[in-house]
Amino acid sequence: MNGFIMPTKMTMMMILLLLLLMMMVIITIIIIINTTKILNTETDSKCRVCQKFDETIDHIISACSILAKEQHIKRHDRVCAQLHFNICKETGVQLDKKHWYEHVPESVETGQGGNVTILWN
Ligand SMILES: [Zn+2]
């Protein structure tokens, strides 16, 4: 004996098993770091509509190129419809709906006995 202890087959197997276990832990950590947690689930953080950018509030409200084509215009028009509804009420235009969210603006409205004209789009 020269003081060096030769590992047995069992010890070698345990060392290989330990290395394998360590690799699995490292891979798991890498997966966890690269996965976004949304409501405690492992969910892809990319926008579900365009798949290009992270699905943040800012992206959905104002930056998503696909939503901008239709949904942003709809939202804009609904806000303007509320303004149109309130202006019509203030100027005495006869409205057929009681609530602003039911209001469908006409392209031309006339209020205050013909002194005010309200245009839409
Ligand atoms: Zn998007």
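Every residue gets a number counted from 1 within its own chain, in the order that chain's sequence is written. With the structure being a predicted model, the display of local features is reserved for residues of pLDDT at least 70 and the display and counting of side-chain atom pairs for 80 or more, all residues being used for whole-chain, interface and lining totals.

(A) Local environment of the overall build of the protein chain. Of the regular secondary structure elements, the protein chain holds 3 helices and 4 strands. Walking the protein chain from its N terminus toward its C terminus, one meets helices and strands in the order α-β-β-α-α-β-β. Using C-beta atoms placed from the backbone, we call a residue buried if 20 or more other C-beta atoms fall within 10 Å of its own, exposed if 12 or fewer do, and partly exposed for counts in between. Here the protein chain, with 121 residues, has 3% of them falling under the buried criterion. For the protein chain, restricting intrachain contacts to residue pairs at least 6 apart in sequence, the fraction spanning at least 24 positions comes to 13%. Put simply, DSSP marks the helices as runs of H or I at least four residues long and the strands as runs of E at least two long, and each gets a number from the N terminus on. Our contact criterion uses C-beta atoms placed from the backbone: two residues qualify when those atoms are within 7 Å.

(B) Examining the pairing of strand β4 (residues 116-119) more closely. Inspection of the sheet shows strand β3 (residues 108-111) paired to β4 by 4 bridges, in the antiparallel sense. When the bridges of β4 are listed, V108 appears paired with L119. The loop that links β3 with its antiparallel partner β4 comprises 4 residues; one of these, Q112, has a positive phi angle of about 50°. Only strands joined by at least two bridges in the DSSP assignment are considered to pair.

(C) Representation of unusual backbone geometry. The phi dihedral of Q51 is positive, around 65°, even though this residue is not glycine. Examined against the element boundaries, Q51 turns out to sit in the loop between β2 (41-42) and α2 (57-63). Residue classification places Q51 among the exposed positions, given that 10 C-beta atoms sit within 10 Å.

(D) Looking closely at helix α3 (residues 65-90). Every helix has an expected span of 1.5 Å times one less than the residues it contains. In a regular helix each residue adds 1.5 Å, so 26 residues correspond to 38 Å; α3 covers 37 Å between its end C-alpha atoms and thus fits that length. Values of bend correspond, residue by residue, to the angle between axes fitted over the seven residues ending at that residue and the seven starting there. The largest bend in α3 is about 40°, located at Q71. Turning to α3, its buried residues are H84, F85 and C88. At its buried positions, α3 is contacted by β3 and β4.

(E) Molecular detail of the environment of I66. One can find I66 in helix α3. Placed 16 residues apart in sequence, I66 and C50 show a C-alpha to C-alpha distance of 6.3 Å. Those residues within four positions of I66 in sequence are excluded, and the remaining contacts are V49 and C50.

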